[in-house]
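Given next are the chains, with one letter for each unit.
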Amino acid sequence: MIVTFLGTGSGAPSTRRNVSGIALRFVQTGKWWLFDCGEGTQHQILRSPLKVSQLEKIFITHLHGDHLYGLIGLLASRSLRNDEASAVELYGPPGVDRYIQAVMDVSPVHLHYPLHVHIIEEGTVWENEEMTVSCRRVQHRVPAYAYAVVEKDRPGAFLADAAKRAGIPQGPLYGALKRGERITLSDGRVFDGRDFVGPAQPGRKVVYSGDTQPCRAVRELAAGADLLIHEATYAYRDKELAVRSGHSTAREAALLAREAGVKALCLTHFSPRYENEDGDLTMADLLAEAQDVFPNTTLAEDFASIPVKRVRGTVGETENPCYNE
């Protein structure tokens, strides 16, 4: 799992930051998902390692333009570049279907692949045997949602050395033990597969807040997350602006991360007012106020990537955990 930021600014694009767009890449499959699609997102994709043909799912947090206006262009370009592109599943709040249809009615877009639009509500949005995506309603000026991508726990490592020491012959019996089944040897001895499998490997969890004031829904959704991506449009000194516009400050996002017990916090969706390094408040000030509360905080930058690594439990005499992307 690798998170790549395609846009980290708020409101309108600037010379340093595009508006909201976040990619979640799955290294083993080559597929990736997009969270929000502000204006110019397809240009950002062209400048990144991402391939638009491998885009599998799109999740929209809310219908403000800086999270949405790049959607139709991206879908149309994906069709033009590949006549045999695979289907795209799109998830978003009520109205996203009407938005897509209205634009396509006025400016006809002929997609050469199926586009399946799903209107979300709180709860599980999508699930398969490996992971789930869920959402919660957050506090913003329009209906808005935060998303959690949760990887399911994986079975622990098979303890082959223990099986050998027990005198269990290699072959199909090892497969049964790996699945946690009970086996009986020809000499009558019975073994429980659960005794030959290490601890389950915990799945990873990535949460993206979208636009929101600090709220319990995000805190609950993010509980124990490996990575929380939270908006921090303003510095705490500008809290009045944050309240007025339904956004969060860097300090408030850090407080929420600490309360939720997340492992890492990455802030995004910054107001351009802090980009002037000679201004009263700068991006360094946003980072400092967040790290004062939650030290493991970073600031997102366009095209920056964050690997979300899986921690594998220890086996045998190994003391140090093993990490896998």
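In what follows, the accompanying structure is described. Keep in mind that this is a model prediction, so the values were computed, not measured.

Examining the layout of surface pockets
Stage number 1. Quantified by volume, the largest pocket comes out at close to 300 Å³.
Stage number 2. Around the largest pocket sit 18 residues that line it, and F26, T29, E130, M131 and R154 are the ones nearest its centre.
Stage number 3. Residue composition of the lining of the largest pocket, by class: six nonpolar, three polar and nine charged.

A word on the sheet that holds strand β6 (residues 115–119)
Stage number 1. Read across the open sheet, the seven strands follow the order β6-β5-β4-β3-β2-β1-β16; overall the sheet is mixed. A single partner strand is all that each edge strand has here, and the edge strands are β6 and β16 (305–307). Going from strand to strand, the sheet's axes swing by 20° on average, the running direction of each strand aside.
Stage number 2. Bridging between strand β1 (residues 2–7) and strand β2 (residues 21–25) involves five bridges; their strand directions are antiparallel.

Quick notes on the pattern of salt bridges
Stage number 1. This model, assessed by the stated rule, comprises 17 salt bridges.
Stage number 2. E151 is paired through a salt bridge with R310; the nearest N and O atoms lie 2.7 Å apart. In this pair, E151 is assigned in strand β9 (residues 145–151) and R310 in strand β17 (residues 310–312), connecting sequence segments 159 residues apart.
Stage number 3. Accessibility expressed as a relative area gives 4% for R310, which makes it buried.
Stage number 4. One salt bridge in this structure joins E259 and R219, with 3.8 Å as the shortest N-O distance. Within this pair, whereas E259 is found in helix α8 (residues 250–260), its partner R219 is found in helix α6 (residues 216–221), the two being separated by 40 residues in sequence.
Stage number 5. Given a relative accessible area of 28%, R219 falls into the partly exposed group.
Stage number 6. Bridged by salt links that share partners, the residues R16, R17, E275 and E301 form one connected network.

Notes on α8
The α-helix advances 3.6 residues per turn, and as a result positions three or four apart in sequence lie on the same side.
Stage number 1. Most of α8 sits out of view: eight of its 11 residues are buried.
Stage number 2. Among all positions of α8, only A250, E252, A253, A254, L255, L256, A257 and A260 are buried.
Stage number 3. Packed against the buried residues of α8 are α6, β13 (227–231), α7 (239–245), β14 (265–268) and α9 (283–291).
Stage number 4. Two residues or fewer after α8 comes G261, characterised by a positive phi angle close to 70°.

Points about empty space enclosed by the protein
Stage number 1. Counted according to the given criterion, the structure contains three cavities of 30 Å³ or more.
Stage number 2. Its volume calculated, the largest cavity comes out at about 80 Å³.
Stage number 3. Residue lining of the largest cavity: V3, I22, A23, L24, F35, Y147, V149, V206, V207, Y208 and I229, and that is the complete set.
Stage number 4. Counting residues per element, the ones that place at least two in the lining of the largest cavity are β2, β9 and β12 (205–208).
Stage number 5. Classifying every residue of the lining of the largest cavity by side-chain character gives 11 nonpolar, no polar and no charged.

Describing the environment of G30
Stage number 1. Relative to the assigned elements, G30 resides in the loop between β2 and β3 (32–35).
Stage number 2. For the pair formed by G30 and K51, sequence separation is 21 residues and the distance between their alpha carbons is 9.1 Å.

Calculation criteria
- Residues numbered from 1 in each chain as written.
- Predicted model: local features only at pLDDT ≥ 70, side-chain atom pairs only at ≥ 80, totals over all residues.
- Heavy atoms only, no water.
- 1 Å grid on protein atoms, 1.4 Å probe; cavity = no way out; pocket = protein on both sides within 12 Å on 5 of 7 lines; lining within 4 Å.
- Points joined across faces, edges and corners; volume = space filled by probe spheres on them.
- Nonpolar A, V, L, I, M, F, W, Y, C, P; charged D, E, K, R; others polar.
- Pairing = 2+ DSSP bridges.
- Helix = DSSP H or I, 4+ residues; strand = E, 2+ residues; numbered from the N terminus.
- Axes fitted to C-alpha atoms, helices over the stretch in contact; angles between N-to-C directions.
- Salt bridge = Lys/Arg side-chain N within 4 Å of Asp/Glu carboxyl O.
- Buried < 20%, exposed > 50% of the residue type's maximum accessible area, 1.4 Å probe, protein only.
- Contact = heavy atoms within 4.5 Å.

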